[in-house]
There are 2 protein chains.
Amino acid sequence: MTDAPARLPRHRLRVDALTDTMTLGPGEARHLHVLRLNAGDTVRVFDGRGAEALAEIAELNEVRAVLTLGDAIEGAAETPWPLTVAVALLKADKLSDVVRAATELGAAQIQLLVTARADVREIGDQKLVRLNRVAQEAAKQSRRAVVPPVLAPVPLARFQPEGLTLVAQPGSKVRVADVVTWDAPVTIITGPEGGLTDAEVQTLVQGGAHAVTLGPRILRAETAPVALLGAIAALGL
Amino acid sequence: MTDAPARLPRHRLRVDALTDTMTLGPGEARHLHVLRLNAGDTVRVFDGRGAEALAEIAELNEVRAVLTLGDAIEGAAETPWPLTVAVALLKADKLSDVVRAATELGAAQIQLLVTARADVREIGDQKLVRLNRVAQEAAKQSRRAVVPPVLAPVPLARFQPEGLTLVAQPGSKVRVADVVTWDAPVTIITGPEGGLTDAEVQTLVQGGAHAVTLGPRILRAETAPVALLGAIAALGL
């Protein structure tokens, strides 16, 4: 008896990009024939830039092969170092939106925070369970093998950010693209409705956090983490 | 008699800070020469953090340009050039979320698109009115003076993107931070559930669009525009 995971398909094909449907030319089609593969068989596809997934051969003839994208293969959709999203407590539906987007955008874990201006200061066990379920569904939908845990809230003052830490601050001139180099874990911290207080931001910066810009506009509490994660994702990792 | 507003100067320059006298180096001086500007001409200067003003060229030679600060320009929460968010039709509540976040993140207008894979192909007048109301509320909440209109859908093939055009493509190695310089209007294009087809992306790229990365993960149709706008906002403008 063993509960070892199913073995991955042996054959790996390089493709230009992992898209829903991938059409390969006569050369690759011939290669698949030589490997005695047929429509319905599963292979691995990778783009050479870190992304890898299962793919099913949907069509195979003399001139082309059409593959349809399957689940991502573990590791491939993960950031080089763990990415922690630390977010102040918000109303339940807004927190769900943040958890969903953070999972899609590569969070390794989501730490809930109690901050000075929080109008929500605690969260019930059931709600926490529900948020973890949201993360699970989002991981599946975005074909990540890793489900980020949503961790019970801690006061911001007791939170120990790991690695390179970013906090959004209107007016900052520091750009995400200038500080995120992926030499270490990355932690992002965002506030509640009404934002973090100046004192909270100052304490974080004194502790080594980078205050980064998200432009001159006022963002809602649930938009800021998604925008910040978008900026990190846009670095290509 | 006319009550038309005075026309603003066409040329905009980014400066470190809006100070009484601003001295720019040889690169910017050459740029002003190329634009056929001379001492005595007026330009717009902005600091990337929301402040914008008129400035007069006091001195211009091979090695430097000296500008003197003029009146502040209203509408400082706006991007340097108009930012168009072109988004495929999605189910109504998801479109509302995109319109809300796009407004917060600086969109000048939101163009709805009909694309090959769209499972929503039209939108009722009432829904369009409602989306415009969402934009209005979001503009107010994010303290923008400009309300981006949400424009009735056009087929992607007939859409004429303006200026620097970005389309997200998994596997691209081009980063938002490498192509967005705000020398021209910016247009972002994102697809429906299931994404744009390869052919659609190819046509856009042949038309001059930049296919940019948002990381190796699969994003939902309503997350992609927010992430892309976050990446643009994180450039500080």
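What this report covers is the structure whose coordinates are included nearby. Per chain, the residues get numbers from 1 upward, laid out in the order the sequence is written. All chains are assigned letters beginning at A, and all ligands numbers beginning at 1, according to the order in which they are written. In keeping with the model being predicted, local features are shown solely for residues with a pLDDT of at least 70 and side-chain atom pairs are shown and tallied solely at 80 or more, while totals for entire chains, interfaces and linings include all residues. In computing side-chain properties, one takes all heavy atoms of the structure into account and sets aside hydrogens as well as water.

## A few points about the overall build of chain A
- Here a helix means four or more residues in a row that DSSP labels H or I, a strand means two or more in a row labelled E, and each is numbered from the N terminus. Summing up its helical and strand segments, chain A has six helices and 11 strands in all.
- Reported as C-alpha extents along the three principal axes, the dimensions of chain A are approximately 65 × 45 × 30 Å.
- Exposure classes here rest on a 1.4 Å probe applied to the protein chains alone. A residue is buried below 20% of its type maximum, exposed above 50%, and partly exposed in between. For chain A, with 237 residues in total, the buried portion stands at 49%.
- What makes two residues a contact is simply this: any of their non-hydrogen atoms within 4.5 Å. Summarising the internal contacts of chain A: among those between residues at least 6 apart in sequence, 71% fall at separations of at least 24.
- Computed with the Shrake-Rupley method and a 1.4 Å probe, the accessible areas treat only the protein chains shown as cover for residues. Just so you have it, chain A exposes about 11,400 Å², and 49% of that area is on carbon and sulfur atoms.
- Lys and Arg are tallied as positive, Asp and Glu as negative. Neither His nor the chain termini are counted. Charge positions are represented by NZ for Lys, CZ for Arg, CG for Asp and CD for Glu. Side-chain charges of chain A comprise 25 positive and 27 negative groups, with the mean position of each set lying 1 Å from the other.

## As for the side chain of B:Thr197
Residues and elements named next belong to chain B.
- Relative to the helices and strands, Thr197 resides in the loop between strand 10 (186–190) and helix 5 (198–206).
- Residue classification places Thr197 among the buried positions, given a relative accessible area of 17%.
- Apart from residues no more than four positions distant in its own chain, Thr197 is found in contact with Ala116 and Arg117.

## Quick look at the sheet that holds strand 7 (residues 109–114) of chain A
Residue and element names in this part refer to chain A.
- The criterion for strand pairing is that DSSP finds at least two bridges linking the strands in question. If you walk across this open sheet you meet the six strands as 8-7-6-10-9-11, and the pairing is parallel. A single partner strand is all that each edge strand has here, and the edge strands are strand 8 (150–155) and strand 11 (210–212). Averaged over all adjacent pairs, the angle separating strand axes in this sheet is 25 degrees, with direction ignored.
- Pairing of strand 6 (residues 83–88) with strand 7, which is carried by five bridges, proceeds in the parallel orientation. By the bridge assignment for strand 7, Ala86 is matched with Gln111.
- Relative to strand 10 (residues 186–190), helix 6 (residues 224–233) is tilted by about 155 degrees, and along the sheet it contacts strand 6, strand 9 (164–168), strand 10 and strand 11. Each axis is a line fitted through C-alpha atoms, taken for helices only over the stretch in contact, and angles between the N-to-C directions span 0 to 180 degrees.

## Regarding helix 6 of chain A
- Within helix 6 of chain A, 10 of the 10 residues are buried, which leaves the element mostly enclosed by the surrounding structure.
- Within the sequence span of helix 6 of chain A, burial applies to A:Ala224, A:Pro225, A:Val226, A:Ala227, A:Leu228, A:Leu229, A:Gly230, A:Ala231, A:Ile232 and A:Ala233.

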